[in-house]
Number of protein chains: 2
Amino acid sequence: MSEQIMQRTSFKESRCPIARSLERVGEWWSILILREALLGSTRFDEFHKSLQIAPNILTRRLTALVEAGLLERRLYQEHPPRHAYVLTQAGRDFQPVLVALMTWGNRYFAPEGPSVVLADAATGRRAEPVLVDRRSGRPITARAFALAPGPAADRRLRARLARRGTPPSTRRGSHG
Amino acid sequence: MSEQIMQRTSFKESRCPIARSLERVGEWWSILILREALLGSTRFDEFHKSLQIAPNILTRRLTALVEAGLLERRLYQEHPPRHAYVLTQAGRDFQPVLVALMTWGNRYFAPEGPSVVLADAATGRRAEPVLVDRRSGRPITARAFALAPGPAADRRLRARLARRGTPPSTRRGSHG
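## Concerning the overall build of chain A
Inference 1: A count of helices and strands for chain A gives 8 helices and 5 strands.
Inference 2: Listed N to C, the secondary structure of chain A is α-α-α-α-α-β-β-α-α-β-β-β-α in terms of helices and strands.

## What to know about the pairing of strand S4 (residues 129–133) of chain A
Inference 1: With 5 of 5 residues buried, S4 of chain A lies mostly within the body of the structure.
Inference 2: Sheet topology places S4 of chain A next to strand S4 (residues 129–133) of chain B; 5 bridges connect them, and they run antiparallel. Bridge pairing in S4 of chain B links valine 130 of chain A to valine 132 of chain B.

## Description of the relation of the copies chain A and chain B
Inference 1: After a rotation of 180 degrees and a shift along the axis of 0.0 Å, chain A superposes on chain B with an RMSD of 0.0 Å. Taken together, the rotation angle and the small translation identify this as a two-fold axis. Taking the C-alpha atom as reference, chain A places leucine 131 of chain A closest to the rotation axis, 2.2 Å from it.
Inference 2: Both copies present the same face, since 99% of the interface residues in chain A are matched by interface residues at the equivalent positions in chain B.

## Description of helix H7 (residues 95–108) of chain B
Residues and elements named next belong to chain B.
Inference 1: Between its terminal C-alpha atoms H7 stretches 20 Å, which fits the 20 Å expected from 14 residues at 1.5 Å a residue.
Inference 2: Summarising burial for H7: 11 of the 14 residues are buried, a large majority.
Inference 3: All of the buried residues in H7 are Gln95, Val97, Leu98, Val99, Ala100, Leu101, Met102, Thr103, Trp104, Gly105 and Asn106.

## Some words on the interface of chain A and chain B
How big an interface is tends to be stated in terms of accessible area lost as the parts join.
Inference 1: With 115 residues of chain A at the contact, the number on the chain B side is 114 residues.
Inference 2: A combined buried area of about 10,600 Å² lies between chain A and chain B, and 57% of that area is made up of carbon and sulfur atoms.
Inference 3: The salt bridge involving arginine 160 of chain B is made with glutamate 36 of chain A; its shortest N-O contact spans 2.3 Å.
Inference 4: Our count for the contact surface shared by chain A and chain B stands at 28 residue pairs in polar contact (both at pLDDT 80 or more).
Inference 5: Per element, the largest residue contribution to the side of chain A that touches chain B is 13 residues, and it comes from helix H7 (residues 95–108) of chain A.
Inference 6: Tallied by class, residues from the side of chain A that touches chain B come to 63 nonpolar, 21 polar and 31 charged.
Inference 7: Inspection of the sheet shows strand S5 (residues 145–149) of chain A paired to strand S3 (residues 116–120) of chain B by 5 bridges, in the antiparallel sense. By the bridge assignment, alanine 148 of chain A is partnered in S3 of chain B with valine 117 of chain B.

## Things to note about the packing of aromatic side chains
Inference 1: Within this structure, the stated rule accounts for 7 aromatic pairs over all chains.
Inference 2: Each ring, one from tryptophan 104 of chain A and one from phenylalanine 109 of chain A, has its centre 5.0 Å from the other, and the planes form 85 degrees; the classification is edge-to-face. Judged on exposure class, the residue tryptophan 104 of chain A and its partner phenylalanine 109 of chain A are both buried.
Inference 3: Joined through ring pairs, the aromatic side chains of Phe94 of chain A together with Trp104, Tyr108 and Phe109 of chain B make up one cluster.

## Comments concerning the packing of helix H4 (residues 44–51) of chain B against helix H5 (residues 55–67) of chain B
All names here are of chain B.
Inference 1: Between H4 and H5, the shortest axis-to-axis distance is 11 Å and the interhelical angle comes to 120 degrees. The angle between the axes of H4 and H5 places the two elements in the oblique class. The crossing of H4 and H5 is right-handed. In contact with Phe44, Phe47 and His48 of H4, H5 contributes Pro55, Leu58, Thr59 and Leu62.
Inference 2: Per-class residue counts for the contact of H4 with H5 are 5 nonpolar, 2 polar and no charged.

## Re the packing of helix H3 (residues 28–38) of chain A against helix H4 (residues 44–51) of chain A
All names here are of chain A.
Inference 1: Where H3 contacts H4, the two axes come as close as 10 Å, and the packing angle between them is 115 degrees. Where H3 crosses over H4, the two elements pack in a sense that is right-handed. In this structure, H3 contributes Trp29, Leu32, Ile33, Arg35, Glu36 and Ala37 to the contact, and H4 contributes Phe47, Ser50 and Leu51.
Inference 2: Looking at the contact of H3 with H4 residue by residue, the class counts come to 6 nonpolar, 1 polar and 2 charged.

## Overview of the nonpolar core
Across soluble globular proteins, nonpolar side chains have a tendency to be buried as a group.
Inference 1: Ranked by internal contacts, the top residues of the largest apolar core, which has 82 residues, are Ile18, Ile31, Phe94 and Leu101 of chain A together with Ile18, Ile31 and Phe94 of chain B.
Inference 2: Every residue in contact with isoleucine 18 of chain A, bar those within four places of it in the chain, is listed here: Ile31, Leu32, Arg35, Leu98, Leu101 and Met102 of chain B.

## Side note on the environment of valine 86 of chain A
All names here are of chain A.
Inference 1: Here valine 86 lies in strand S2 (residues 82–87).
Inference 2: Valine 86 sits in the partly exposed class, given a relative accessible area of 22%.
Inference 3: The spatial distance from the C-alpha of valine 86 to the C-alpha of glutamate 72 is 5.1 Å, given a sequence separation of 14 residues.

## A look at the pairing of strand S1 (residues 71–77) of chain A
Residues and elements named next belong to chain A.
Inference 1: Bridge count between S1 and S2: 6 bridges; the pairing is antiparallel. What sits directly across from leucine 75, in S2, is histidine 83.
Inference 2: Connecting S1 to the next strand, S2, in antiparallel fashion are 4 residues.

## Quick look at the environment of alanine 144 of chain A
Inference 1: Relative to the elements of secondary structure, alanine 144 of chain A occurs in the loop between S4 and S5.
Inference 2: Here alanine 144 of chain A is in contact with Arg138 and Pro139 of chain A together with Ala119, Asp120, Ala121 and Ala122 of chain B, once residues within four sequence places are set aside.

So, how was this worked out
- Residues numbered from 1 in each chain as written.
- Chains lettered and ligands numbered in written order.
- Predicted model: local features only at pLDDT ≥ 70, side-chain atom pairs only at ≥ 80, totals over all residues.
- Heavy atoms only, no water.
- Helix = DSSP H or I, 4+ residues; strand = E, 2+ residues; numbered from the N terminus.
- Buried < 20%, exposed > 50% of the residue type's maximum accessible area, 1.4 Å probe, protein only.
- Pairing = 2+ DSSP bridges.
- Least-squares fit on C-alpha atoms with pLDDT ≥ 70 in both.
- Contact = heavy atoms within 4.5 Å.
- Expected span 1.5 Å × (residues − 1).
- Buried area = accessible area lost by both parts, 1.4 Å probe.
- Salt bridge = Lys/Arg side-chain N within 4 Å of Asp/Glu carboxyl O.
- Polar contact = N/O pair within 3.5 Å; in protein donor to acceptor, adjacent residues only side chain to side chain.
- Nonpolar A, V, L, I, M, F, W, Y, C, P; charged D, E, K, R; others polar.
- Phe/Tyr/Trp six-rings, centres within 6.5 Å; stacked < 30°, edge-to-face > 60°.
- Axes fitted to C-alpha atoms, helices over the stretch in contact; angles between N-to-C directions.
- Parallel < 35°, antiparallel > 145°, perpendicular 65-115°, else oblique.
- Left-handed = near helix turned anticlockwise from the far one by under 90°.
- Core = buried A, V, L, I, M, F, W, Y, C linked by side-chain atoms within 4.5 Å.

Here it is as structure tokens:
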């Protein structure tokens, strides 16, 4: 329980865009629900069937994703009332995260070969997703690109990012 | 508790590379630890200080990341014994996932403006990370690229991916 609380506290206070993103997607189920939604699922039964998730957990996760602004609840039938869960723009834009996770998983955790890949819809050729800078087209590597403070960076973060060039051996550290 | 068990069960059985990836990174703390490692942290105290995470949780997460093959434990001092946690190749290759999360978080969850951005190390210009296909250079969009079965896809997955072209209105679904 303390883990849960610490996690929450830490995330709420964080200005880190990664921590904020993680707060929105909540937990693994949420990521897999977004995966299903990007695959075309919109209805409770569809999510339920493909994820084999308990209905009460699914309800909770769908509600959280609606509250986070990633899914929109839409009435598609009046008698009896039935709702569809449709991705918002923010939800659709989660796709690169899933593609990056898929690429990484296929590279390292599919010893029998990948079971699902991304293919060019026109040619059918398997894609190799890489991150590049939209403007320069240069691949995003740790060497060519560095983290820098944005307009909302506070003093502590600026100091931290400035220290980054320091080699580990000159930094303090004892435990471990 | 049942949530935890279901999650585990479902993930272990899954051939989905996203689910497998999520199994490896375990939970949010693990992702933030990888973030710190990619920022240059290697020592217990460094992780502890920047994440403000309870020592027992940090120990558990570091061990899990070592077991998952994402961090390597190295002795850097003999008396008293001190270990550093160094990224493996698989751990370093998690970077695109973090960049994708950062980009998404900056776009949607930084109303006051981003606090941290990615900048070209040579020019200092802010980067706009996008996923493209390495070979063709085409941006990875839901329209231009589709999921396809890989060599290890089973019959059920093949059927599922084949059904994807079907518009939602022709599919069954009731609950919701």
